[in-house]
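Chain residues, written in single-letter form:
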Amino acid sequence: MFHKIPDICGKQIALSVLGNRNTTLGEFIIENQGSFQYSSGELSKLINAIRLAAKVVNHEVNKAGLVDIIGRAGDTNIQGEDQQKLDVLANEKFIQTLRNREIVCGIASEEEDDFISINSNDEQHRNKYVVLIDPLDGSSNIDVNVSVGTIFSIYRRVTPVGTPVTLEDFLQPGRNQVAAGYVVYGTSTMLVYTTGDGVNGFTLNPAIGTFYLSHPNMEFPETGSIYSVNEGNYVHFLQGVKDYIKYCQQEDGDRPYTSRYIGSLVSDFHRNMIKGGIYMYPKSSVSTNGKLRLLYECNPMAFIAEQAKGLATDGNIRILDVQPTELHQRVPFFCGSPKMVQKLQEFLEN
Ligand code: AHM
Ligand code: MG
């Protein structure tokens, strides 16, 4: 169905890609609130706050290049990486929005050394969710106008409601997540999320600032023909990973596969979920646990992957079963179409 709405210049434009019944994200959250096991409305409010922050960050990302927000901010984060200005801005926007709406009891972010306890009054103590977030993933791509993303992960706290959060509330295995999602700031801006009942994708109509359901029930194809890995690190990979990469490149049946690597996890994952493929960030002789962070990069992506009939492993066990020990812990990450991940696993076991 086509709907005519005015764009920002007042012209009438047709909305043709709005998805089923033109459902907005706001409507979808309300309609599906009941399907969530512990539904009390609090999780819906939280996802709504993330939706709002995503729109604000989207606005900032789209201004990059026009105003002075690209380039380094001059600081380094806890992992010793340069913080880009937009990293810092996105971090502020998400934290501010979650704080102001008083719907979480704690936040952990890639850009913050320690977790933030939100406990300024008793009312806030009663909130039961913690959020872990990578506010702007792939930020080294910003300066060159390549897609970046936001990744988020939501848990119920394990310590009693009414007390300040502790590290224990954040160091939960990924299988305990109640919701997870990402925003990809790409050719269009999409918010994709799961509350454990499948994966749905919403595309932002920038003319009216509304997300519409455009990709209902997203699923990884059972197999695919794309492998995504930073092959510049090939010499440092374990033999099993090297052998699997050679397998992807061999001519046989549907192989060789296509190599596609943006260097922006959200975008690489998003493409592979739609087209079928495998994403790999293995450990190597120079980075013994790989690069990606378990709590706010791998766990949310693994939860989404499994909800979309894909698989995610660290090479030994399911990502969602890894017991975290540190807030900024790194972990090897292999994720994608189930048959491709299983094939990789065979090579790793050999
Ligand atoms: P970041 O959180 O510092 O942006 O790093 C994470 C990013 C991922 O989005 C991407 O897949 C990976 O780092 C790329 O790393 P590399 O440049 O080593 O291939
Ligand atoms: Mg990141």
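1. A few points about the sheet that holds strand 14 (residues 258-259)
Strand order in the open sheet formed by five strands is 14-13-15-17-16, and the pairing between neighbours is mixed. Since the sheet does not close on itself, it has two edges, and those belong to strand 14 and strand 16 (311-313), each with one partner. Bridge count for strand 13 (residues 226-228) against strand 14 is two bridges, and the pairing is parallel. Across the sheet, the residue bridging to Ile226 is Thr258, located in strand 14. Here helix 8 (residues 294-307) sits on the sheet and contacts strand 16 and strand 17 (333-336); the angle it forms with strand 17, its principal contact strand, is near 25°.

2. Section: the pairing of strand 17
Both faces of strand 17 are covered, namely the face carrying Phe333 and Cys335 and the face carrying Phe334 and Gly336. Two elements, strand 16 and strand 17, share three bridges in a ladder whose sense is antiparallel. Across the sheet, Thr313 pairs through a bridge with Phe334, a residue of strand 17.

3. Quick word on the pattern of salt bridges
A full pass over the atoms with the stated rule returns 11 salt bridges. Taking the shortest distance from any N to any O, the salt bridge between Lys128 and Glu42 comes out at 2.8 Å. A residue pair is termed long-range when its members are at least 10 positions apart, and Lys128 in the loop between helix 4 (122-125) and strand 7 (129-137) and Glu42 in helix 2 (residues 42-63) qualify at 86 residues. Since its relative accessible area comes to 15%, Lys128 is described here as buried. Taking the relative accessible area as the measure of exposure, Glu42 reaches 14% and is therefore buried. For Asp252, the salt bridge goes to Arg255, with nearest N and O atoms at 3.3 Å. A single salt-bridge network, built from bridges that share partners, covers Arg175, Glu306, Arg318 and Asp321.

4. What to know about helix 3 (residues 85-100)
For helix 3, built from 16 residues, the straight-helix expectation of 22 Å at 1.5 Å per residue is met to within 8% by its first-to-last C-alpha distance of 22 Å. Within helix 3 the residues assigned to the buried category are Leu86, Asp87, Leu89, Ala90, Asn91, Phe94, Ile95, Thr97 and Leu98. At the C-terminal side of helix 3, Glu102 shows a positive phi close to 55°.

5. Comments concerning the packing of aromatic side chains
For any pair of aromatic rings, the description rests on two quantities: the centre-to-centre distance and the angle between the ring planes. Applying the stated criterion across every chain, the model contains 12 aromatic pairs. Where Phe220 meets Phe269, the ring centres are 5.5 Å apart and the plane angle is 85°; that geometry is what we call edge-to-face. A residue pair is termed long-range when its members are at least 10 positions apart, and Phe220 in the loop between strand 12 (210-215) and strand 13 and Phe269 in helix 7 (residues 265-275) qualify at 49 residues. Overall, Phe220 belongs to the buried group, its relative accessible area being 5%. Arranged with centres 5.8 Å apart and planes meeting at 65°, the rings of Tyr244 and Phe347 form a pair that is edge-to-face. Of this pair, Tyr244 sits in helix 6 (residues 239-249) while Phe347 sits in helix 9 (residues 338-349), and the two are 103 residues apart along the sequence. The class for Tyr244 is buried, based on a relative accessible area of 1%. Aromatic rings pair up to connect Tyr244, Tyr247, Tyr257 and Phe347 into one cluster. Sitting over the ring of Tyr247, Arg255 keeps its end group 3.7 Å from the ring centre.

6. Here we look at the environment of Arg318
For Arg318, the location among the structural elements is in the loop between strand 16 and strand 17. On the basis of relative accessibility, which here comes to 33%, the residue Arg318 falls in the partly exposed class. Note: C-alpha distance between Arg318 and Arg175 (143 residues apart in sequence) is 9.5 Å. When near neighbours in sequence (up to four residues on either side) are disregarded, Arg318 contacts Arg175, Glu306, Ala312 and Thr313.

7. Things to note about the packing of helix 6 against helix 9
Direction vectors running N to C along helix 6 and helix 9 enclose 130°, while the axes themselves pass 8 Å from each other. Considered as vectors, helix 6 and helix 9 are oriented oblique to each other. Handedness of the crossing formed by helix 6 with helix 9: right-handed. Contacts between helix 6 and helix 9 involve Gly240, Val241, Asp243, Tyr244 and Tyr247 from the former and Met340, Lys343, Leu344, Phe347 and Leu348 from the latter. A class-by-class count of the residues in the contact of helix 6 with helix 9 yields seven nonpolar, one polar and two charged.

Quick notes on the rules
Residues numbered from 1 in each chain as written. Chains lettered and ligands numbered in written order. Predicted model: local features only at pLDDT ≥ 70, side-chain atom pairs only at ≥ 80, totals over all residues. Heavy atoms only, no water. Pairing = 2+ DSSP bridges. Helix = DSSP H or I, 4+ residues; strand = E, 2+ residues; numbered from the N terminus. Contact = heavy atoms within 4.5 Å. Axes fitted to C-alpha atoms, helices over the stretch in contact; angles between N-to-C directions. Buried < 20%, exposed > 50% of the residue type's maximum accessible area, 1.4 Å probe, protein only. Salt bridge = Lys/Arg side-chain N within 4 Å of Asp/Glu carboxyl O. Expected span 1.5 Å × (residues − 1). Phe/Tyr/Trp six-rings, centres within 6.5 Å; stacked < 30°, edge-to-face > 60°. Lys NZ or Arg CZ within 6 Å of the ring centre and 35° of its normal. Parallel < 35°, antiparallel > 145°, perpendicular 65-115°, else oblique. Left-handed = near helix turned anticlockwise from the far one by under 90°. Nonpolar A, V, L, I, M, F, W, Y, C, P; charged D, E, K, R; others polar.

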